[in-house]
Amino acid sequence: MEVLASLAEGFSTSLTLVNIFACFMGVLMGTLTGILPGLGPSAAMALLLPFSFGLSPTTSLIMLAGIYY
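Residues numbered from 1 in each chain as written. Predicted model: local features only at pLDDT ≥ 70, side-chain atom pairs only at ≥ 80, totals over all residues. Heavy atoms only, no water.

Draft legend 1. Helix H4 (residues 57–68), seen in detail. With 12 residues, H4 extends 16 Å from end C-alpha to end C-alpha; this agrees with the ideal 16 Å at 1.5 Å per step. Contacts made by the buried residues of H4 are with helix H1 (2–14), helix H2 (17–34) and helix H3 (41–48). (Helix = DSSP H or I, 4+ residues; strand = E, 2+ residues; numbered from the N terminus. Expected span 1.5 Å × (residues − 1). Contact = heavy atoms within 4.5 Å.)

Draft legend 2. Local environment of the packing of H2 against H3. Contact geometry of H2 with H3 gives a least axis separation of 9 Å together with a crossing angle of 120°. The orientation of H2 relative to H3 falls into the category oblique. Helix-helix and strand crossings are classified by hand; for H2 and H3 the assignment is right-handed. In this structure, H2 uses Met29, Gly30 and Thr33 to contact H3, whose residues at the interface are Ala44, Leu47 and Leu48. Split by residue class, the contact of H2 with H3 holds four nonpolar, two polar and no charged. (Axes fitted to C-alpha atoms, helices over the stretch in contact; angles between N-to-C directions. Parallel < 35°, antiparallel > 145°, perpendicular 65-115°, else oblique. Left-handed = near helix turned anticlockwise from the far one by under 90°. Nonpolar A, V, L, I, M, F, W, Y, C, P; charged D, E, K, R; others polar.)

Here it is, written out as structure tokens:
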């Protein structure tokens, strides 16, 4: 039962409006960076890392996962 409670807590954290918006912006910025020739997902994450400095750790990891995607 503890596993289901932890899973529900994870979904409630990741499905907040701020985190969904951060994921959407990460996917958008990662796609725009990824269409440039010679830049892959890791280069896009390195270039866009400063955008995550002002965010909470959870939100910044969600955004970086969106950039990598």
